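Listed below, chain by chain, are the residues.
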Amino acid sequence: MATPTALPPLPFNPAKVRSYVLRLPLFTRLVLLVIIAFWLLELQTVWGVVQWGSLTPNEIGIGTMYRLNTYPFIHVGFFHAFVNLLALTPLLERFEAEHGTLTAVALFIGPLSTFPAGIYILIEKFILHSNTAVVGASIWIFLLLGSEAIKTFKSNPYFSLGTTKIPTWTSPLFACALISIFVPNTSFLGHLSAIMIGYLLGLGYLKVFVPPEKILRWIEGKLNLLGRLPHYVSVDQKTYGRYGVLPSATAAVGAVIRKLRSNPQFLFVHLPYLLSLLCIVAGVVWLLLLPLEQYARRTYISENALLPGQVHAYFSGSEQNIFRGYKRELESLLNSGSQEGQEGKDSELTPVISDKIQSILRAAGLKVATQKYEYTSSRITHEGQNVYAIIHAPRGDATEAIVLVAAWKTADGELNLNGVSVALTLARYFKRGSNLMAMHCWSLWSKDIIFLFPPDSKSGTQAWIDAYHDMQPSSVQPLPLKSGALQGGLVIEYPFDHRFESLHIVYDGVNGQLPNLDLFNTAISIAGGQMGIGTSLQEMWEHDDSYKKRLQTILRGMVKQGFGHATGAHSSFMPYHIDAITLQTKGDGWQDEMALGRTVESLCRSLNNLLEHLHQSFFFYLLMHTNRFVSIGTYLPSAMLIAGNFTIMAIALWMRTGYYMNAQATSTTKEGGPQDKKSPIDRATNTEKNGELNDANPKDLPSPGSVLERQLALPLTLVIGLHLLGLVPLFIFNNIHHKYYTTATYTCLGAGVILPLIVSALLNHGFTSPPTTQQYFLTKSFSLLLLGLFLSTLATLNFSLSFMVGLLCTPLSFVKRINPQTKAALRYPIAILGLLALNVLSPPAVLIGACWHSGVSVETVLTQAAFGWNVWGMWTQVVVWCVWWPAWVVGCVLLGSSLL
């Protein structure tokens, strides 16, 4: 029997590798983690990491200097990152162990990154006139190899190859040459630049960039870096060994946990403020990044059945004479001596003009009907009569329809004479055609076409669409004539007589709703591609596709979406999930009414191709140009981060009222005194009343199992009562006479100053015992919790409104009741300044400031808002008065209680 022999030792020992990894110093760990993080980010397709952070000579400028530091962290693919991590780890770990963590940070974030980059750019751009981009940590690998080669040369100047002596400092150069030969896509010039800087580092010429030891010791002593940061290498810990004197991972983690447990003030007091501030800053920065090329997407047509611009438009020739004839007939009525004519171009759709439109439509062979309506808002009566006609599709079954709207007045209140004339001409053209080819073409209609002529763009369209779905109020007549389900809507606005230059597409709906992006893209494709008509949006007449213009377009869209009001006749269709847009003619150019008619014809032909309702593209988006947008998955985190900061603070306050305040009560017990004989709740309550329960450092932890009961009755009653109180201004501002709106706004502004003081006085003097600190904390916690909950939910429905309200409410996260034990000379000024700052951000103050900035009267804005509430179903006021205003009052109450 053979004697068993011992197995040879494994060349790879996992235990040693694990021990080595656990002993890596702090900066080395951070560098490895950042490299891994950037590699993971490269897996997504939204943001091009390599294009953003690579060292590209022609891309270096004032705004892109960050590339001089980011390129070593970025790699192209897994193999590139993995090999560089293996080679960099021992070199970087040894450098940090020899020089300390602070020195490593100062050098590698500074000269050891920028100097090789500067040499590379100088040679690549100005000498070789090339523009090769480089990335990867190999720049640091060869730099450290160069430094180590110089150190080796000092002790061992040469190594022998036969009879030839080769200086040891040349070894990195041989490695650089071999890598360039055998490994593709490597930069010999970049590696050579790094070796040169490594030589200077090894010779000591870069010592000027190393902070003096006195400064390092002072920083370490003041910040206690060695005690706070695990794996940190201090000046005194510098070693020439492999690992240095570093605590193990388990011991470091345990030390951190013990420090947090012994200092819960940081965990429950300071950390929430830091996290909230971080969320706010990240949310704002996230929004500012959206216009960048990496985040924006090009628009495209998702619904292939639309086939925009694939058909020939026949609206031309003799139809222009028909248009002129209709226009002259309408003008003659306006200029006649009748009552309607005396009102001139500011008149409503009067009975005479209504009868004339009906006769034109009947003469064209359409089925015609009328509808009378009446709305009352802010004691102003809006009444009129809608005229509409239906073309039944010869090949359809009256189950689907398309709506063309031409209001007698545009959204800006201008007379839409040319728009109505174009719509009447299109109605005759769609019904009869002008030649044999067109007659054959119209037989292809598969959907009914409805032509609607309301007297204005505010109330008429809303009355008609409500009645179409049998949702009209008693003051609106039902429709005597209907068709099938509405698949889309187009609104025509041509308010002047001369030719136009471009089309302005308006798409914002009520409560921030948007039409399917395919409809917008179809209009852009047809107008710009097929008809050669320029297009614009959000009143951006000169858009050069720069970052500034993109951001300005996004912000304008957010403001309109956040207000939630109707921006045109198309907005009334949105609540019924009917996609609609408005085509407005702008400028003075060479495009005429025939070009507008052909555009509308081609759009109707595309909508006629639909087999089902538009659904494939986006309903939530932000447009920054006619061909660039960002979807909800890209922009939503910015509003969620803003709303999340309130939730973080609310949770921290809730935990603080139980754990942290209980710690204070326990520490008070351990100190001894008369409170030792009382229950923990009584001791904590008395401590709060004496002002001792504040942000001071707790000395001890609560005993295991001890619980401090939270007193919820008063905080819940106060928060719920203030939210219910918001119904009062909501009712007032939607029902009073419009001439009192300005007075009511300033009255509300003054009441906002007095109300928090009254509530604070009632809380402190209207009860047997004033509220405890715990109850103030709970009040703020419940208020911020509701605010964060509402805004998070609202962000998915109306992103812009959630973002704007959240941004205006951000100071509420940091407002707190000032400790009563603070000296009055300091407490009163701080509280008064805080109240003044909060009153500047109150809803009435923001409204007045916005009206002053835009040059619009408060009465006009609130009249429009009341009309939106009563007619359009706009709920922006609910967010203002039942979400924002109560949270603001709670913040003022907390500061007001500091004055009493």
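As recorded by an unreviewed UniProt entry, the protein carries the name Peptidase S54 rhomboid domain-containing protein and is attributed to Aspergillus hiratsukae. The heading Subcellular location (unreviewed entry) in the UniProt record of the protein holds the text "Membrane".

*Asks:* Help me understand the overall build of the protein, please; the structure alone is not making it clear to me.
*Replies:* Helix and strand content of the protein: 34 helices and 13 strands. For the protein, the residues scored as buried account for 50% of the 900 residues in total. Excluding contacts between residues fewer than 6 apart, the proportion of contacts in the protein whose partners are at least 24 apart in sequence is 79%.

*Asks:* Please explain the pairing of strand 9 (residues 500–506) as it appears in this structure.
*Replies:* For a regular strand, the rule is simple: side chains alternate between the two faces of the sheet. Counted residue by residue, strand 9 has six buried out of seven residues, so it is predominantly covered. Pairing between strand 9 and strand 11 (residues 580–591): six bridges, direction antiparallel. Residue pairing across strands places serine 502 opposite lysine 586, the latter belonging to strand 11. Sheet topology note: the strand 9/strand 10 (residues 534–536) ladder contains three bridges and is parallel. If you follow histidine 504 over to strand 10, its bridge partner there is serine 536. With helix 21 (residues 517–530) bridging strand 9 and the parallel strand 10, this β-α-β connection has right-handed handedness.

*Asks:* How should I be thinking about the confidence of the model for the protein in this particular structure?
*Replies:* A low pLDDT score tells you not to read the predicted coordinates there in detail. Looking at the protein as a whole, the pLDDT averages 83, with 86% of positions reaching at least 70. Counted against residues more than four places away or in other chains, residues 240–254, with its pLDDT under 50, gives 26 contacts. Overall, residues 434–441 carries pLDDT values under 50, and its contacts beyond four positions in sequence, including any with other chains, amount to nine contacts.

*Asks:* What exactly am I supposed to notice about helix 17 (residues 351–363) here?
*Replies:* Along an α-helix, residues three or four apart share an orientation, since each turn contains 3.6 residues. Relative to the 18 Å expected for 13 residues at 1.5 Å per residue, helix 17 spans 18 Å between its end C-alpha atoms, a close match to the ideal helical length. Taken together, the buried positions of helix 17 are Ile353, Ser354, Ile357, Gln358, Ile360 and Leu361. Viewed end-on, helix 17 has its buried residues packed into an arc of 160 degrees, placing them on one side of the element. Facing away from the buried surface of helix 17 by more than 90 degrees, the exposed residues are Pro351 and Ala363. The elements touched by buried residues of helix 17 are helix 15 (319–335), strand 4 (367–377), strand 5 (380–391), helix 18 (417–432) and strand 7 (448–453). Backbone geometry just after helix 17 places glycine 365 at a positive phi near 90 degrees.

*Asks:* Looking at this structure, I do not really get the sheet that holds strand 11. What am I missing?
*Replies:* As a general point, the strands of a sheet are linked pairwise by backbone hydrogen bonds and lie either parallel or antiparallel. A sheet is described by the order of its strands in space; here eight strands give the open sequence 4-5-7-6-8-11-9-10, paired in mixed fashion. Each edge of the sheet is formed by a strand with only one pairing partner; in this case those strands are strand 4 and strand 10. The average angle at which neighbouring strand axes cross in this sheet is 25 degrees, direction not considered. Note that strand 6 (residues 400–405) and strand 8 (residues 485–493) share six bridges and pair parallel.

*Asks:* Explanation requested: the packing of aromatic side chains in the structure shown.
*Replies:* How two aromatic rings sit relative to each other is given by the distance of their centres and the angle of their planes. Taken as a whole, this structure holds 30 aromatic pairs when the rule is applied. Judged by centre distance (5.2 Å) and plane angle (85 degrees), the rings of phenylalanine 95 and phenylalanine 108 are edge-to-face. You can see phenylalanine 95 sitting in helix 5 (residues 78–99) and its partner phenylalanine 108 sitting in helix 6 (residues 101–108), a full 13 residues away along the chain. Within the aromatic cluster, the residues linked to one another by ring pairs are Phe27, Phe73, Phe95, Phe108 and Trp140. The side chain of lysine 458 reaches across the aromatic face of phenylalanine 867, ending 4.6 Å from its centre. When the ring centre of tryptophan 654 is taken as origin, the NZ or CZ atom of arginine 710, which lies over that ring, is 3.9 Å away.

*Asks:* Just to check I follow, could you spell out the pattern of salt bridges for this structure?
*Replies:* With the rule as written, the count across this model stands at 13 salt bridges. Between glutamate 400 and lysine 447 there is a salt bridge, with its nearest N and O atoms 3.3 Å apart. Note that glutamate 400 is positioned in strand 6 and lysine 447 in the loop between helix 19 (436–442) and strand 7, a separation of 47 residues in sequence. According to the relative accessible area criterion, glutamate 400 is partly exposed, its value standing at 21%. Residue glutamate 539 is joined to lysine 560 by a salt bridge in which the shortest nitrogen-to-oxygen separation is 3.9 Å. Pair noted here: glutamate 539 is in the loop between strand 10 and helix 22 (547–563) and lysine 560 is in helix 22, with a separation of 21 residues, a long-range link.

*Asks:* Is there a simple way to explain the pairing of strand 7 in this structure?
*Replies:* Within strand 7, six of the six residues are buried, leaving the element largely enclosed by the surrounding structure. Burial along strand 7 is two-sided: Asp448, Ile450 and Leu452 facing one way and Ile449, Phe451 and Phe453 facing the other are all buried. Strand direction decides the pairing type here: strand 5 and strand 7, joined by five bridges, are antiparallel. Paired with valine 387 across the strands is phenylalanine 453, a residue of strand 7.

*Asks:* Got a minute to help me understand the side chain of glutamate 96 in this structure?
*Replies:* Mapping glutamate 96 onto the fold places it in helix 5. Buried charged residue glutamate 96 carries no salt bridge. Nearest counter-charge: arginine 29, at 8.2 Å. Aside from chain neighbours lying at most four places away, what touches glutamate 96 is Pro25, Leu26, Phe27, Thr28, Thr101, Ala104 and Val233.

*Asks:* How should I be thinking about helix 10 (residues 188–203) in this particular structure?
*Replies:* Counted at 1.5 Å a residue, the expected span for helix 10 with its 16 residues is 22 Å, and the 23 Å between its end C-alpha atoms agrees. All of the buried residues in helix 10 are Leu189, Gly190, His191, Ser193, Ala194, Ile195, Ile197, Gly198, Tyr199, Leu201 and Gly202. Packed against the buried residues of helix 10 are helix 5, helix 7 (111–127), helix 8 (138–155) and helix 9 (171–182). Just downstream of helix 10, glycine 204 is the residue with a positive phi angle, here 90 degrees.

What counts, and at which threshold
Residues numbered from 1 in each chain as written. Predicted model: local features only at pLDDT ≥ 70, side-chain atom pairs only at ≥ 80, totals over all residues. Heavy atoms only, no water. UniProt positions renumbered as here; feature names shortened; annotations may be inferred. Helix = DSSP H or I, 4+ residues; strand = E, 2+ residues; numbered from the N terminus. Buried < 20%, exposed > 50% of the residue type's maximum accessible area, 1.4 Å probe, protein only. Contact = heavy atoms within 4.5 Å. Pairing = 2+ DSSP bridges. Right-handed = clockwise from strand over helix to strand, strands pointing away. pLDDT = per-residue confidence, 0-100. Expected span 1.5 Å × (residues − 1). Arc of directions from axis to C-beta. Axes fitted to C-alpha atoms, helices over the stretch in contact; angles between N-to-C directions. Phe/Tyr/Trp six-rings, centres within 6.5 Å; stacked < 30°, edge-to-face > 60°. Lys NZ or Arg CZ within 6 Å of the ring centre and 35° of its normal. Salt bridge = Lys/Arg side-chain N within 4 Å of Asp/Glu carboxyl O. Lys, Arg positive; Asp, Glu negative; His and termini not counted.

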